[in-house]
Amino acid sequence: MPPPTAPKSGDALFASVERVNAELFTLTYGAIVRQLLTDLEEVEEVNKQLDQMGYNIGTRLVDEFLAKSNVSRCADFKETADVIAKLGFKMFLGVTATVTNWDAEGTSCSFVLEDNPLVDFVELPDTCQGLQYCNVLSGVIRGALEMVSMKTEVTWVRDMLRGDDAYEMRVKLTKQVPEEYPYKDDD
């Protein structure tokens with residue numbers, strides 16, 4: 001059996017993943033958001049739909065991440081957050097996040113993005129000020145963490161589209177779900 005390999009760096013992961021043109025990705029995402037605004041009309045419904053889309057994506061992306069990153073099981077939520085910030089964001093978006101603002105229990109933190117490729121070419125009109133344009137990312141985080149037995153709540157705290165100085169997502173671990181195996185050991 002070959003020795004275990006070390007986890008890949010964020011740059012190595014980003015280089016190993018098949019990519020699409022960044023502008024095409026950004027413009028396609030913008031077209032999806034625009035179509036949702038047209039179809040659903042209510043900004044809050046669009047926010048929910050973007051979150052649900054992200055959740056569905058996250059439940060699948062975690063498999064690709066685990067297969068390609070060589071990351072072993074994380075010891076706790078803090079380590080998991082660090083892996084997401086440094087490897088997950090880099091692998092799929094080409095950026096890294098900073099993990100800050102931990103609570104005393106170690107169950108709540110913020111991911112701060114200085115750069116967000118989803119928002120290139122985006123300006124929110126006055127009619128869409130309640131829109132959480134990047135809500136798909138919060139859904140991805142929530143879905144991916146749920147697949148590794150962590151139920152979370154993810155909310156946007158700061159958004160550069162609204163004039164803030166960075167993008168900040170607050171992630172709160174609400175429940176660590178014990179792993180269940182589909183079979184019982186026969187003694």
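This text follows the structure it describes.
Residues numbered from 1 in each chain as written. Predicted model: local features only at pLDDT ≥ 70, side-chain atom pairs only at ≥ 80, totals over all residues. Heavy atoms only, no water.

Time to look at the sheet that holds strand β3 (residues 150-158). With antiparallel pairing, four strands are arranged side by side in an open sheet as β1-β2-β4-β3. Looking at the sheet topology across the chains shown, the edges are occupied by β1 (98-100) and β3. Taking each pair of neighbouring strands and ignoring which way they run, the sheet shows an average axis angle of 30°. The sheet contact formed by strand β2 (residues 108-113) and strand β4 (residues 167-176) spans six bridges and is antiparallel. Bridge pairing in β4 links Val112 to Glu168. Contacts from helix α4 (residues 77-93) reach β1, β2, β3 and β4, with the element oriented near 15° to β2. (Pairing = 2+ DSSP bridges. Helix = DSSP H or I, 4+ residues; strand = E, 2+ residues; numbered from the N terminus. Axes fitted to C-alpha atoms, helices over the stretch in contact; angles between N-to-C directions. Contact = heavy atoms within 4.5 Å.)

What follows covers a nonpolar patch on the surface. On the surface, a cluster of nonpolar side chains totalling about 230 Å² of accessible area is made up of Leu66, Met147 and Val148. Counting through the fold element by element, Val148 comes out in the loop between α5 (135-147) and β3. (Patch = residues over 30% accessible without salt bridge, like charges linked within 9 Å, V, L, I, M, F, W, Y side chains within 5 Å. Areas by Shrake-Rupley, 256 points an atom, 1.4 Å probe, with all protein chains shown as cover. Salt bridge = Lys/Arg side-chain N within 4 Å of Asp/Glu carboxyl O.)

What follows concerns the pattern of salt bridges. Enumeration according to the criterion identifies seven salt bridges in this entry. Here Lys68 ties to Glu64 by a salt bridge, and the two come within 3.1 Å at their closest N and O atoms. A residue pair is termed a helical-turn pair when its members lie 3 or 4 positions apart in one helix, as Lys68 and Glu64 do in helix α3 (residues 43-69) at four residues. As a salt-bridge pair, Arg158 and Glu168 come within 2.7 Å of each other at their nearest N and O atoms. You can see Arg158 sitting in strand β3 and its partner Glu168 sitting in strand β4, a full ten residues away along the chain. Each member of the salt-bridge network shares a partner with another, and the members are Arg158, Asp165 and Glu168.

Attention now goes to unusual backbone geometry. Negative phi is the rule for most residues except glycine; trans is the rule for most peptide bonds. Backbone geometry at Glu41 places phi at a positive 65°, although glycine is not the residue there. Positive phi values are uncommon outside glycine, yet Ser149 reaches one of about 70°. Position of Ser149 relative to the elements: it lies in the loop between α5 and β3. On the basis of relative accessible area, Ser149 is assigned to the buried category, the value being 14%. (Buried < 20%, exposed > 50% of the residue type's maximum accessible area, 1.4 Å probe, protein only.)

Before going further, it helps to examine the nonpolar core. Phe89, Phe111, Leu131, Tyr133, Leu137, Ile141 and Met169 are the most contacted members of the largest nonpolar core, which totals 39 residues. Listed by contribution, the elements that provide at least two residues to this core are α2 (22-40), α3, α4, β2, α5, β3 and β4. When residues of this core are assigned to their parent elements, the largest contribution, six residues, is made by α4. Every residue in contact with Phe89, bar those within four places of it in the chain, is listed here: Ile84, Gly94, Val95, Thr96, Ala97, Phe111, Leu113, Ile141 and Met169. Core analysis: the second largest hydrophobic core is formed by five residues, Phe65, Val71, Val83 and Leu87 among them. (Core = buried A, V, L, I, M, F, W, Y, C linked by side-chain atoms within 4.5 Å.)

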